[in-house]
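Here are the chains, one letter per residue:
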Amino acid sequence: MKTLQKGFTLIELMIVVAIIGILAAVALPAYQDYTIRAKMSEVILAMSACRTSITEVYQSGPATAPGADNWGCEILTASQQTKYVAAVHTNANGGVLATVQGIATVVNGSVVTLIPLSNSTTPSVMSAGSSQTLYGWRCGATGDGTKPDPLRVALRSDGRRHQRQPEVSARLLPRLVIET
């Protein structure tokens, strides 16, 4: 009499476990990047409030130009902080600098910049008494103070990963110039 095999063999189960392990190894880093990007959107949103205020000041041409941290949109005290934004500062020309907190060790303490542009490449300079039109805004450029090194992770010569100094990944910031 023949007996029928019931269930799975050990090799079949091991193949399934190996496939699930490979899929998890690929999906987990992508998921971690995705969650960091989603949290970074709060930082960009905090900076966007300043973008509106600064654009209005540039267009109105006030008699006296606002100074650094005097544009009316900054986050300067602990009571104003959000879960992911430690501070938002502005410079004399309306550049916005946000400090990241509570997202992930790879970006905490980093600074993200949003700079007003007078044309496609030149940062605007605020001059009192004259109305100015902004071309757009640049986010996360290295020359503005943002350090766009991909997640601060580099491969060593032996193939193992190691952490470097805190910097914001270019993959975590929007790649855009906002035209007004």
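Okay, so let's go over this structure. The residue numbers shown here count from 1 along each chain, following its written sequence. Per-residue local features of the predicted model are confined to residues with pLDDT of at least 70, and side-chain atom pairs are confined, for both listing and counting, to 80 or more; whole-chain, interface and lining totals are unaffected and use all residues. Think of the side-chain values as coming from all heavy atoms in the structure, minus any hydrogens and water.

Before going further, it helps to examine the state of the cysteines. The disulfide criterion is simple: two cysteine sulfur atoms within 2.5 Å. Applying the stated criterion across every chain, the model contains one disulfide. Each sulfur in the disulfide pair Cys-50 and Cys-73 lies 2.2 Å from the other. Torsion about the S-S bond of the Cys-50 and Cys-73 cystine: about 110°, corresponding to right-handed handedness. Pair noted here: Cys-50 is in helix α1 (residues 10–60) and Cys-73 is in the loop between α1 and β1 (85–90), with a separation of 23 residues, a long-range link. An identical accessibility class is assigned to Cys-50 and Cys-73; each is buried. Only DSSP runs of H or I with at least four residues qualify as helices, and only runs of E with at least two residues qualify as strands; both kinds are numbered from the N terminus onward. Relative accessibility decides the category of a residue: with a 1.4 Å probe and only protein chains considered, values under 20% of the type maximum give buried, values over 50% give exposed, and everything between is partly exposed.

Okay, the side chain of Arg-138 next. Mapped onto the elements of the fold, Arg-138 is located in strand β4 (residues 136–139). Among the residues examined, Arg-138 registers a relative accessible area of 18% and is labelled buried. Of the polar contacts made by the side chain of Arg-138, one reaches the backbone oxygen of Thr-121; its length is 3.3 Å. Polar contact is defined as a pair of N or O atoms within 3.5 Å, subject to the rule that within protein one atom must be able to donate a hydrogen and the other to accept it, and that residues adjacent in sequence are counted only when both atoms are side-chain atoms.

On to the nonpolar core. The definition of a nonpolar core used throughout is a set of buried Ala, Val, Leu, Ile, Met, Phe, Trp, Tyr and Cys residues joined through side-chain atoms within 4.5 Å. Among the nonpolar cores identified, the biggest contains 28 residues, and Val-43, Val-88, Val-96 and Ile-103 are the most heavily contacted of them. Of all the secondary-structure elements, those providing two or more residues to this core are α1, β1, β2 (96–100), β3 (111–117) and β4. Take this core: its biggest share by element is nine residues, from α1. Every residue pair with non-hydrogen atoms within 4.5 Å of one another is taken to be in contact. With sequence-adjacent residues up to four places away left out, Val-88 is seen in contact with Ala-46, Cys-50, Asp-69, Glu-74, Ile-75, Leu-76, Val-96, Leu-97 and Ala-98.

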